[in-house]
Amino acid sequence: MNFSIDVISEAWLLLRESALYILFGLLVSGFLRVFLNPNTIVRHLGKGRFKPVFKAALLGIPIPL
Amino acid sequence: MLPAAVTLQKQGANTGAVTSFMISTPESGIDSIAITYALLDPIMTVARPVVAFITAAVAGVAENLLEKRSSDTQIHPDLTCPVDQCCDGVNCRPEDHRRHHSLAEKLGAGVRYAFTDFWNDLAGWFFIGLLAAGLIAVLIPEEMVKTYLGSGLPAMLFMLAVGIPLYICATASTPIAAALILKGVSPGAALVFLLAGPATNVAALTVMAGIIGKRATVIYLVAIAVSTVVFGLILDQVYSALGVSAQAIVSGTATEIPAWIEVAGALTLVLLSLPLFFRKIRGAMRAGRRYFGRPTAGRPSTPPTSPPDVEPVCGPT
């Protein structure tokens, strides 16, 4: 019993510490989804052998999936 | 991650670009960057996306260097309207397409995505991550970690061995990393876990072999393994050069946010998750009834009309 209370209170502390940041991250991700759809990314990649690789790496950084 | 990679490839992106997108997208996102800042420290907050970018670029370049055929496929972007799918954007001039919705409508759609789609995909994993972190905090003795996982190459390789087969998304892996660092795991080894965990898992690797081919999948794995371990070792050097202890920073509650606001935020997340949990419970109960083969007496058997459980984007697909 004590054990599960300990686990849950540790988890609750982490939740408290991170909740606001997660809400913020979700909100920005939501806006990003509207303005930069993962499905339309290819439009921004362009052609060539290596340029699309770097652009894809860069565009993938903020996108949450 | 994988569905996006498939559409990317269908639309004509080359293998290197698909690979690099498949690495940088799951390894880092706005949400995981924010939670890294909350639970870990500023160095980690920067290191995580930067190393994700380098890993992705290295893997993508290796892929295209080793690829024989030149991919000059035509690019067909999917231009479907992201607000309400009102139009597929094909027979529509871009200027007109952009003006289909007002800014307010777009922002509204963004908020909807944030708190329904994104959170629904994340919530289950995130709470599992929190509980796993709680278990680590309570169960694992600090002595054991100090002896076996303190620092150096063995610790990195261990994290790699755990992270590669395991599926855990970037956001959910963060509380686990925080718990590990608190127990004395080096920040470099934690970084290996944070990057290798989300980028690979057993189920995804098999699917991936189908999308980009077996050889490309091997290159993908090797690039991730080598680059995360190398950067993990570098990160440990950075910490010792700066004379910072990750353990001390993570254990300190540095935020000046008043407690009641933190609690309000936590409760908001829990409330947002309730519909999802009720849906899961109902789904489980329905499955249970089907399993025990008891037809609902007196009622004509209704076909299951509820939508199937939301496919976790953040899950093995």
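The rules behind the values
Residues numbered from 1 in each chain as written. Chains lettered and ligands numbered in written order. Predicted model: local features only at pLDDT ≥ 70, side-chain atom pairs only at ≥ 80, totals over all residues. Helix = DSSP H or I, 4+ residues; strand = E, 2+ residues; numbered from the N terminus. Rg over C-alpha atoms; globule rule 2.2 N^0.38 Å. Buried ≥ 20, exposed ≤ 12 C-beta atoms within 10 Å, placed from the backbone. Core = buried A, V, L, I, M, F, W, Y, C linked by C-beta atoms within 7 Å. Contact = placed C-beta atoms within 7 Å. Axes fitted to C-alpha atoms, helices over the stretch in contact; angles between N-to-C directions. Parallel < 35°, antiparallel > 145°, perpendicular 65-115°, else oblique. Left-handed = near helix turned anticlockwise from the far one by under 90°. Nonpolar A, V, L, I, M, F, W, Y, C, P; charged D, E, K, R; others polar. Arc of directions from axis to C-beta.

## Side note on the overall build of chain A
Turning to step 1, where the next piece is worked out: Assigned secondary structure in chain A consists of three helices and zero strands.
Turning to step 2, where the next piece is worked out: Scanning chain A from its N terminus toward the C terminus, one meets helices and strands in the order α-α-α.
Turning to step 3, where the next piece is worked out: A compact globule built from 65 residues should have a C-alpha radius of gyration of about 11 Å, whereas chain A, at 19 Å, is more than 25% larger.
Turning to step 4, where the next piece is worked out: Reported as C-alpha extents along the three principal axes, the dimensions of chain A are approximately 60 × 25 × 15 Å.
Turning to step 5, where the next piece is worked out: Counting every position in chain A, which comprises 65 residues, the buried fraction comes to 55%.

## Comments concerning the nonpolar core
Turning to step 1, where the next piece is worked out: Core analysis: the largest hydrophobic core is formed by 103 residues, its most contacted members being B:Ala178, B:Ile181 and B:Val192.
Turning to step 2, where the next piece is worked out: Looking at this core, the element that brings in the most residues is helix H1 (residues 2-35) of chain A, giving 13 residues.
Turning to step 3, where the next piece is worked out: The contact partners of B:Ile181, leaving out residues within four places of it in the chain, are B:Leu40, B:Pro187, B:Ala190, B:Ala246, B:Gln247 and B:Val250.

## Some words on the packing of helix H8 (residues 152-163) of chain B against helix H10 (residues 187-199) of chain B
Residues and elements named next belong to chain B.
Turning to step 1, where the next piece is worked out: It is the contact of H8 with H10, at a shortest axis distance of 8 Å, that shows an interaxial angle of 20°. On the basis of the axis angle, H8 is roughly parallel to H10. The element H8 and its partner H10 pack so that their crossing is right-handed. Packed against H8, whose contacting residues are Ala155, Met156, Met159, Leu160, Val162 and Gly163, the element H10 presents Gly188, Ala189, Val192, Phe193, Ala196 and Gly197 at the interface.
Turning to step 2, where the next piece is worked out: A per-class count over the contact of H8 with H10 returns nine nonpolar, three polar and no charged.

## A closer look at the environment of B:Gly210
Residue and element names in this part refer to chain B.
Turning to step 1, where the next piece is worked out: Within the secondary structure layout, Gly210 lies in helix H11 (residues 202-212).
Turning to step 2, where the next piece is worked out: Judged by local crowding, Gly210 falls into the exposed class, with 11 C-beta atoms found within 10 Å.
Turning to step 3, where the next piece is worked out: Once the C-alpha coordinates of Gly210 and Asp88 are considered, the two residues, 122 residues apart in sequence, prove to be 28 Å apart.

## Comments concerning H11(B)
All names here are of chain B.
Turning to step 1, where the next piece is worked out: Among all positions in H11, only Ala204, Met208 and Ile212 are buried. Buried residues of H11 fall within an arc of 45° about the axis and therefore sit on the same side. Structural note: H11 exposes Val202, Thr206 and Gly210 on the side pointing more than 90 degrees away from its buried face.
Turning to step 2, where the next piece is worked out: Looking one or two residues past H11, Gly213 carries a phi angle of roughly 95°, positive in sign.

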